[in-house]
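Residue-level listing of the chains:
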Amino acid sequence: MAAPLTLLFLLVLAYGTNAADPDMLQDICVADTKSAPKVNGFICKEASKVNATDFFFDGLAKPGATNNTMGSLVTTANVEKIPGLNTLGVSMARIDYAPGGLNPPHTHPRATEIVFVLEGELEVGFITTANALFSKTIKKGEIFVFPRGLVHFQQNNGKVPAAVIAAFNSQLPGTQSIAVTLFTASPPVPDNVLTKAFQIGTKEVDKIKEKLAPKK
Ligand SMILES: *[C@@H]1O[C@H](CO)[C@@H](O)[C@H](O)[C@H]1NC(C)=O
Ligand SMILES: *[C@@H]1O[C@H](CO)[C@@H](O)[C@H](O)[C@H]1NC(C)=O
């Protein structure tokens, strides 16, 4: 009896670790973002204090300002903006791109992303762990998928602005932008890690750091 039970337990465990965000155990668990105790997600707000506003967000209605170095802006609609998303395992974002704008190579450690083009045309792609690039040009009304954890990007090579709506299977997908992560971490990643990894000199490292540093 013990062996089959152990097997069953291992199967359940394996299944659990394959899932994205954990399943909910109640109808709603609106995030109490001010709660001091932390769990895997947020503590639920007192039920009597929950109302429709907790499930509402109008922040994706308008284009974001793209007048920055990369010429793109990601506006998130995750559990930090919509407390009602806590434990529900989904979220969205809007990304706007100026002509020539780039959403630079990055990963979402906790979610697969699917984008729907609202306006314009984009060159998009992701790179697998076998180092193969899967890329395509997508235009208004079309969809592209970026598998969970893989490095991906979108670029607007057109002459007019572009925008997408992105959906994620996590309430908080997390983002690590490759260049920014490596060159602007605090405390900094040691220069000799960066010079060796990228096969460049200290001067080049400093130049990249200076250009990517958050604008004051
Ligand atoms: C919901 O509750 C908040 C306070 O927690 C309040 O500011 C807001 O007006 C309420 N909204 C509705 C639709 O009742
Ligand atoms: C971007 O444009 C907005 C409004 O047009 C302006 O308020 C803001 O200062 C600009 N930002 C930069 C970095 O130029």
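Residues numbered from 1 in each chain as written. Chains lettered and ligands numbered in written order. Predicted model: local features only at pLDDT ≥ 70, side-chain atom pairs only at ≥ 80, totals over all residues. Heavy atoms only, no water.

Is there a simple way to think about the overall build of the chain in this case?
Counting secondary structure elements, the chain contains four helices and 10 strands. Starting at the N terminus and ending at the C terminus, the chain contains elements arranged as α-β-β-β-β-β-β-β-β-β-β-α-α-α. Burial analysis of the chain (216 residues in total) assigns 32% to the buried set. For the chain, contacts bridging at least 24 residues in sequence account for 68% of all contacts bridging at least 6. Split by element, the accessible area of the chain, about 13,600 Å² in all, is 63% carbon and sulfur. Distance between charge centres in the chain, computed from 20 positive and 18 negative side chains, equals 6 Å. (Helix = DSSP H or I, 4+ residues; strand = E, 2+ residues; numbered from the N terminus. Buried < 20%, exposed > 50% of the residue type's maximum accessible area, 1.4 Å probe, protein only. Contact = heavy atoms within 4.5 Å. Areas by Shrake-Rupley, 256 points an atom, 1.4 Å probe, with all protein chains shown as cover. Lys, Arg positive; Asp, Glu negative; His and termini not counted. Charge placed at Lys NZ, Arg CZ, Asp CG, Glu CD.)

I would appreciate a short explanation of the packing of aromatic side chains in the present structure.
Between two aromatic rings, the relevant description is the distance of the centres plus the angle of the planes. Taken as a whole and judged by the stated rule, the model has four aromatic pairs. Measuring from ring centre to ring centre gives 5.2 Å for Phe126 and Phe134, while their planes differ by 5°; the resulting arrangement is stacked. Taking relative accessible area as the criterion, Phe126 reaches 11% and is therefore assigned buried. Centre to centre, the rings of Phe183 and Phe198 are 5.4 Å apart; their planes meet at 50°, and the pair counts as tilted. With a gap of 15 residues between them, Phe183 in helix H2 (residues 178-183) and Phe198 in helix H3 (residues 191-198) connect regions that are remote in the sequence. Here the aromatic residues Phe126, Phe134, Phe144 and Phe146 are joined through ring pairs into a cluster of three or more. (Phe/Tyr/Trp six-rings, centres within 6.5 Å; stacked < 30°, edge-to-face > 60°.)

For this particular structure, what's the right way to read the pattern of salt bridges?
Counted according to the given criterion, the structure contains six salt bridges. The partner of Glu46 in a salt bridge is Lys49, with the nearest N and O atoms 3.6 Å apart. (Salt bridge = Lys/Arg side-chain N within 4 Å of Asp/Glu carboxyl O.)

Would you explain the UniProt feature "binding site: Mn(2+)" (unreviewed entry) in the chain in this entry?
According to UniProt, the positions carrying the feature "binding site: Mn(2+)" (unreviewed entry) are His106, His108, Glu113 and His152. Taking the farthest pair of C-alpha atoms as the criterion, the annotated set spanning 47 residues converges on one region, since that pair is 11.8 Å apart. From the set just named, the residues that line the largest pocket comprise His106, His108 and Glu113. Counting through the fold element by element, His108 comes out in the loop between strand S3 (102-107) and strand S4 (113-119). Those residues in contact with His108 that sit more than four places away from it in its chain are Glu113, Arg148, Gly149, His152, Phe168, Pro173, Gly174 and Thr175. Polar contacts involving the side chain of His108 include one to the side chain of His106, which spans 3.3 Å. (UniProt positions renumbered as here; feature names shortened; annotations may be inferred. 1 Å grid on protein atoms, 1.4 Å probe; cavity = no way out; pocket = protein on both sides within 12 Å on 5 of 7 lines; lining within 4 Å. Polar contact = N/O pair within 3.5 Å; in protein donor to acceptor, adjacent residues only side chain to side chain.)

In this structure, what is going on with unusual backbone geometry? I would like to understand it.
Peptide bonds are, in most cases, trans, and in most cases residues other than glycine have a negative phi. Pro187 follows Ser186 through a cis peptide bond whose omega is -5°. Looking at where Pro187 falls in the secondary structure, it is placed in the loop between H2 and H3. Positive phi values are uncommon outside glycine, yet Asn131 reaches one of about 70°. Note on placement: Asn131 falls in the loop between strand S5 (121-127) and strand S6 (133-139). The exposure class of Asn131 is exposed, given its relative accessible area of 66%. Phi at Gln199 takes a positive value of approximately 55°, unusual for a residue other than glycine. Mapping Gln199 onto the fold places it in the loop between H3 and helix H4 (202-212). By relative accessible area, which is 66% here, Gln199 ends up exposed.

Got a minute to help me understand the sheet that holds S4 in this structure?
In a beta sheet, neighbouring strands pair by backbone hydrogen bonds and run either parallel or antiparallel. In spatial order, the strands read S1-S2-S9-S4-S7; together these five strands make up an open sheet with antiparallel pairing. The outermost strands of the open sheet, each flanked by one partner alone, are strand S1 (72-77) and strand S7 (143-146). Averaged over all neighbouring strand pairs, the angle between strand axes comes to 25°, with direction disregarded. With four bridges connecting them, S4 and S7 associate as antiparallel partners. Looking at the pairing, Phe116 lines up with Ile143 of S7. (Pairing = 2+ DSSP bridges. Axes fitted to C-alpha atoms, helices over the stretch in contact; angles between N-to-C directions.)

I keep staring at a nonpolar patch on the surface and nothing clicks. Help me out?
Where nonpolar side chains cluster on the molecular surface, the patch consists of Ile114, Phe116, Ile143 and Val145 and spans about 320 Å² of accessible area. The set of elements that each furnish at least two residues to the nonpolar patch consists of S4 and S7. Considering the arrangement of structural elements, one finds Val145 in strand S7. (Patch = residues over 30% accessible without salt bridge, like charges linked within 9 Å, V, L, I, M, F, W, Y side chains within 5 Å.)

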